[in-house]
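Spelled out, the chains give:
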Amino acid sequence: MKAVAAVNQLDNIASREEQYELATYKKMPIVAERGEGVWVFTSDGERYLDLYGGHAVAGTGHCHPHVVNAIKKQAEELLFYSNLVYSEARAAAAQKLVSIAPDSLTKAFFCNSGTEANENAMRMARMATGRENVITFSGGFHGRTADAISATFLGKYRDIGRPNVPGHLQAEFGDIESVRAIADGSIAAIMLEPIQSMAGVKMAEPSFYLGLRELCDERGIVLIYDEVQTGVGRTGEWFFAGSAAGHGVVPDIVSLAKALGSGIPVGACLVTEAIASHIKENDLGTTFGGGMMAMAAVTATLEAIEADAMLANVRAVESHLRGRLREVEQVVKVRGSGFLLGLEFADKAKPIHEVLLEKRIITGTSSDPNVLRLLPPLCLTMSEVDLFVDALTSALAAN
């Protein structure tokens, strides 16, 4: 009877969403009811090991107590007021975010999402340079609003945004000469995901990032890292910016979102003093960006990552996971860094994703049909990795 009731509840909720909500993603047959750490609990009493984190959002894990308490406290004091007033919550979040950033990134701008962060990053680059054009890369994904989707050269996404915003040029990710060939005096910015997540978790050689920095310095171009997914600890460092994986390169602007608020919608740009010097009052605006609830979540998220030593955990658990995956001969390659990983198979990954879901493990696919993506909370443990690898081995045997 319990199983029947659960099926009925799933059918009921699914039919109501489909009746009253526009279609977005193809949904998994799960009614997510609550979460704790790396686990999601459903309406039928099942629990799922969440290695996808709701699109890389659940960085601190689901319902981290410190974040929940901070949100509750702020909700009892003031839900919202706009940037027309000063706010202790906003001041604390900006100070904390700047304190963990590379030294040259000294100012923060808060908005509501990753696509808004990227839109404003490009806008600031145009303001700073007086130029209009932006170079982005094959395989890059930067969001679904007009300018951001026009900067996206991945599969069908750019076509969804037609008519596209003019002034967007495409270069080949990892190929510095393809950038150099089009980086003329009209280019305001070069923007890239330092690890291309949706394209199948693709990284370039460290020399590529260094080459971009040198080219931008040489030609007066603003370098933007879209760290909507790589930021806030996902690679085992606070940011890809300044990390060894990117030859220590620090861009002029870093855009952030996803895990920044542990699930409360928030985006941000971190910028240098040189960029900030071109921004005047009323050049940028946002009604909800910098709201008190989001700011409380940002500060608490960063505090939780520090207090629980999650950066070190990501590095240690990644090493363990890579070691375990060497035992799985069907895994051709492990791409990426930290907890942004792509497992490449010789054949399509979708059937593996589906069998894992049957085994109560949530993973993600990508635009590369042979790559399974892992974007787990930063609190994932080695024992939970072992559960995943054992289930993966079983799924591959059954597939």
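Here goes a summary of the coordinates provided.

What follows covers the overall build of the chain. In terms of regular secondary structure, the chain is built from 14 helices and 16 strands. In terms of overall dimensions, the chain is globule-like: its C-alpha atoms have a radius of gyration of 21 Å, near the 21 Å expected for 399 residues. Taking the principal axes of its C-alpha atoms as reference, the chain extends roughly 65 × 50 × 45 Å. Counting only residues that meet the buried cut, the chain has 54% of its 399 residues in that class. Sequence-distant contacts, at least 24 apart, represent 71% of the contacts inside the chain between residues at least 6 apart. With an accessible surface of roughly 17900 Å², the chain has 53% of that area assigned to carbon and sulfur atoms. The positive charge centre, built from 36 side chains, and the negative charge centre, built from 48, are 3 Å apart in the chain.

So, about the nonpolar core. Core analysis: the biggest nonpolar cluster contains 88 residues, and L97, I190, L325, F388 and L392 have the highest contact counts within it. With 7 residues, the single largest contributor to this core is helix α14 (residues 382-398). Other than its neighbours up to four places away in sequence, L325 contacts V331, V334, L343, F388, V389 and L392. One finds M124, M191, I224 and C269 within the second-largest nonpolar core, a separate group that totals 20 residues.

Here we take up the packing of helix α3 (residues 65-77) against helix α11 (residues 292-307). Interaxial distance between α3 and α11 falls to 8 Å at its minimum, and their mutual angle equals 155 degrees. When the axis of α3 is compared with that of α11, the two are roughly antiparallel. As for how α3 packs across α11, the hand of that crossing is right-handed. Where α3 abuts α11, its residues H66, V67, A70, I71, Q74 and A75 lie against M292, M293, A296, A297, A300, T301, E303 and A304. Per-class residue counts for the contact of α3 with α11 are 10 nonpolar, 3 polar and 1 charged.

What follows concerns the sheet that holds strand β13 (residues 331-337). An order of β13-β14-β16 is seen for the 3 strands of this open sheet, with the pairing classed as antiparallel. Where the open sheet ends on each side, the last strands, each with one partner, are β13 and β16 (371-374). Strand after strand, the sheet turns through a mean of 20 degrees between neighbouring axes, direction not considered. The strands touched by α14 are β13, β14 (340-345) and β16; relative to β14, the strand with the most contacts, the crossing angle is about 20 degrees.

For the structure on display, the rule yields 19 salt bridges. With its nearest N and O atoms 2.7 Å apart, the salt bridge here joins R126 to D147. With R126 in helix α5 (residues 114-129) and D147 in helix α6 (residues 146-150), this pair connects stretches of sequence that are 21 residues apart. Look at D147 and you get buried, because its relative accessible area is 8%.

Together, L78, Y81, L84 and V85 make up a nonpolar patch on the protein surface, roughly 400 Å² of accessible area in all. Among the structural elements, L84 can be located in the loop between α3 and α4 (88-100).

For α5, with 16 residues, the first-to-last C-alpha span of 23 Å sits near the 22 Å given by 1.5 Å per residue. Of all the residues in α5, the buried ones are G114, T115, A117, N118, E119, N120, A121, M122, M124, A125 and A128. Between the side-chain oxygen of the N-cap and the backbone nitrogen of E116 there are 3.3 Å, and the N-cap of α5 in question is S113. A positive phi of about 75 degrees marks G130, the residue just after α5.

Now for the environment of V165. You can see V165 is positioned in the loop between α7 (157-160) and β6 (168-171). V165 sits in the partly exposed class, given a relative accessible area of 27%. Expressed as a C-alpha distance, the spacing of V165 and S150, which sit 15 residues apart in the sequence, is 5.8 Å. Once you skip the residues sitting within four places of it in the chain, V165 turns out to touch A146, D147 and S150.

In summary, the side chains of a regular strand alternate between the two faces of the sheet. Buried residues dominate β13, accounting for 5 of its 7 residues. Sheet analysis places β13 next to β14, joined by 6 bridges and oriented antiparallel. Paired with K333 across the two strands is E344, which belongs to β14. Between β13 and β14, which follow one another and run antiparallel, lie 2 residues, and G338 among them has a positive phi close to 60 degrees.

Before going further, it helps to spend a moment on unusual backbone geometry. Of note, the amide linkage connecting R162 to P163 takes the cis form, showing an omega dihedral of 0 degrees. On the secondary structure map, P163 appears in the loop between α7 and β6. Positive phi is not limited to glycine here, since C63 has a value of about 60 degrees. Inspection of the secondary structure assignment puts C63 in the loop between α2 (53-56) and α3. A relative accessible area of 53% means that C63 is categorised as exposed. Within the chain, V201 stands out as a residue other than glycine whose phi angle is a positive 60 degrees.

Reading the values: the criteria
- Residues numbered from 1 in each chain as written.
- Predicted model: local features only at pLDDT ≥ 70, side-chain atom pairs only at ≥ 80, totals over all residues.
- Heavy atoms only, no water.
- Helix = DSSP H or I, 4+ residues; strand = E, 2+ residues; numbered from the N terminus.
- Rg over C-alpha atoms; globule rule 2.2 N^0.38 Å.
- Buried < 20%, exposed > 50% of the residue type's maximum accessible area, 1.4 Å probe, protein only.
- Contact = heavy atoms within 4.5 Å.
- Areas by Shrake-Rupley, 256 points an atom, 1.4 Å probe, with all protein chains shown as cover.
- Lys, Arg positive; Asp, Glu negative; His and termini not counted.
- Charge placed at Lys NZ, Arg CZ, Asp CG, Glu CD.
- Core = buried A, V, L, I, M, F, W, Y, C linked by side-chain atoms within 4.5 Å.
- Axes fitted to C-alpha atoms, helices over the stretch in contact; angles between N-to-C directions.
- Parallel < 35°, antiparallel > 145°, perpendicular 65-115°, else oblique.
- Left-handed = near helix turned anticlockwise from the far one by under 90°.
- Nonpolar A, V, L, I, M, F, W, Y, C, P; charged D, E, K, R; others polar.
- Pairing = 2+ DSSP bridges.
- Salt bridge = Lys/Arg side-chain N within 4 Å of Asp/Glu carboxyl O.
- Patch = residues over 30% accessible without salt bridge, like charges linked within 9 Å, V, L, I, M, F, W, Y side chains within 5 Å.
- Expected span 1.5 Å × (residues − 1).
- Polar contact = N/O pair within 3.5 Å; in protein donor to acceptor, adjacent residues only side chain to side chain.

All quantities given are derived from atomic positions and should not be read as evidence of function.
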